[in-house]
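Overview (structure and organization)
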Amino acid sequence: MKKIFLLLILSLSFVLSRAQLYSCKEGTVSFFSEAPLENIDAINRNINSFLNFATDEVIFLLPIRGFEFDRDLMEEHFNEKYLESDKYPNATFRGKITEKGEVSKPGIHNITVTGKLTMHGVENEITVPGVVITAEDTIKIRSLFTIALKDYKIKVPKLVFQNIAETVTVKVNAAYTIYKKDEKK
């Protein structure tokens, strides 16, 4: 009887943690660089992300070549000279929600996420604020934070230092639904 009870508890915990696994179906990551001579704005709609409320884990995979710019030349320089996207094709984030409130209840909840952001071959621990908007069958996450280019060894040539800011503002908008193992993005 003890073994059956233990098996039942393990099965139930697996089902509960499974029910708390969400995948991002649609979302964007954008950045904005404000500099004296030129502002740079780009958006990426090709994000892959999972959210697990059982473990409080958040994972993002972002293809660098997915960023779209207003001008083709900006996009070319971004990929070839600054982010070297052939050498470093993805940015990743793996973190844990350290403050989350009552996210299981419908409403708007402030959160804090701490984790490792890897970009341009460099990994740094960051802590970012965010908002979780919980509805009946979807969860949305929004976040706004800044990163310093030097922290990721992204070099800006002295000739264009007035065109590119030393820090960029990153904005994340992601909508999640309950993950189904056989679904494809």
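Scroll up for the structure.
What you are looking at is a predicted structure, and each value in this text was computed from that prediction instead of being measured.

The rules behind these values
- Residues numbered from 1 in each chain as written.
- Predicted model: local features only at pLDDT ≥ 70, side-chain atom pairs only at ≥ 80, totals over all residues.
- Heavy atoms only, no water.
- Core = buried A, V, L, I, M, F, W, Y, C linked by side-chain atoms within 4.5 Å.
- Buried < 20%, exposed > 50% of the residue type's maximum accessible area, 1.4 Å probe, protein only.
- Helix = DSSP H or I, 4+ residues; strand = E, 2+ residues; numbered from the N terminus.
- Contact = heavy atoms within 4.5 Å.
- Arc of directions from axis to C-beta.
- Salt bridge = Lys/Arg side-chain N within 4 Å of Asp/Glu carboxyl O.

Turning our attention to the nonpolar core. Formed by 44 residues in total, the largest nonpolar core has its most connected members in Phe31, Leu51 and Tyr176. It is strand E10 (residues 167-178) that provides the largest number of residues to this core, a total of five residues. The residues contacting Tyr176, other than those within four sequence positions of it, are Tyr22, Ser23, Cys24, Ser49, Phe50, Leu51, Phe60, Asp137, Thr138, Ile139 and Ile141.

Turning our eyes to something else, we now look at the environment of Asp56. Tracing the backbone shows Asp56 in the loop between strand E3 (48-52) and strand E4 (57-63). Exposure remark for Asp56: the relative accessible area of 19% places this residue in the buried category. On a C-alpha basis, the gap between Asp56 and Leu21 in space is 9.7 Å, while along the polypeptide they are 35 residues apart. Apart from residues no more than four positions distant in its own chain, Asp56 is found in contact with Gly95, Lys96, Ile97 and Lys100.

Comment: phi is negative for the bulk of residues other than glycine, and the bulk of peptide bonds are trans. A positive phi is found at Glu84, a non-glycine position, where the angle reads about 45 degrees. For Glu84, a relative accessible area of 29% gives the class partly exposed. Backbone geometry at His120 places phi at a positive 55 degrees, although glycine is not the residue there. The residue His120 is located in the loop between strand E7 (107-119) and strand E8 (122-134) in this model.

Take helix H2 (residues 72-82) next. One turn of an α-helix holds 3.6 residues; hence residues three or four places apart share an orientation. Buried residues of H2: Met74, Phe78, Asn79 and Tyr82, and no others. Considered in projection along H2, the buried side chains sweep an arc of 125 degrees and stay on one side of the axis. Turned more than 90 degrees from where H2 packs its buried face, Asp72, Leu73, Glu80 and Lys81 sit exposed. Its buried side turned inward, H2 meets strand E1 (21-34), strand E2 (39-44) and strand E5 (67-69). Of the residues one or two after H2, Glu84 is the one with positive phi, at around 45 degrees.

Okay, the pattern of salt bridges next. For the coordinates displayed, the defined rule picks out seven salt bridges. Salt-bridge contacts for Glu57 lead to Arg94; the nearest nitrogen and oxygen are separated by 3.5 Å. Residue Glu57 is found in strand E4, and its partner Arg94 is found in strand E6 (residues 90-99); the two are separated by 37 residues along the sequence. For Glu125, the salt bridge is made with Lys116, and the minimal N-O distance between the two is 3.8 Å. Using a relative accessible area of 55% as the deciding quantity, one classes Glu125 as exposed. Looking at Lys116, the relative accessible area reads 37%, which means it is partly exposed.

Taken by themselves, the reported measurements are silent on function.
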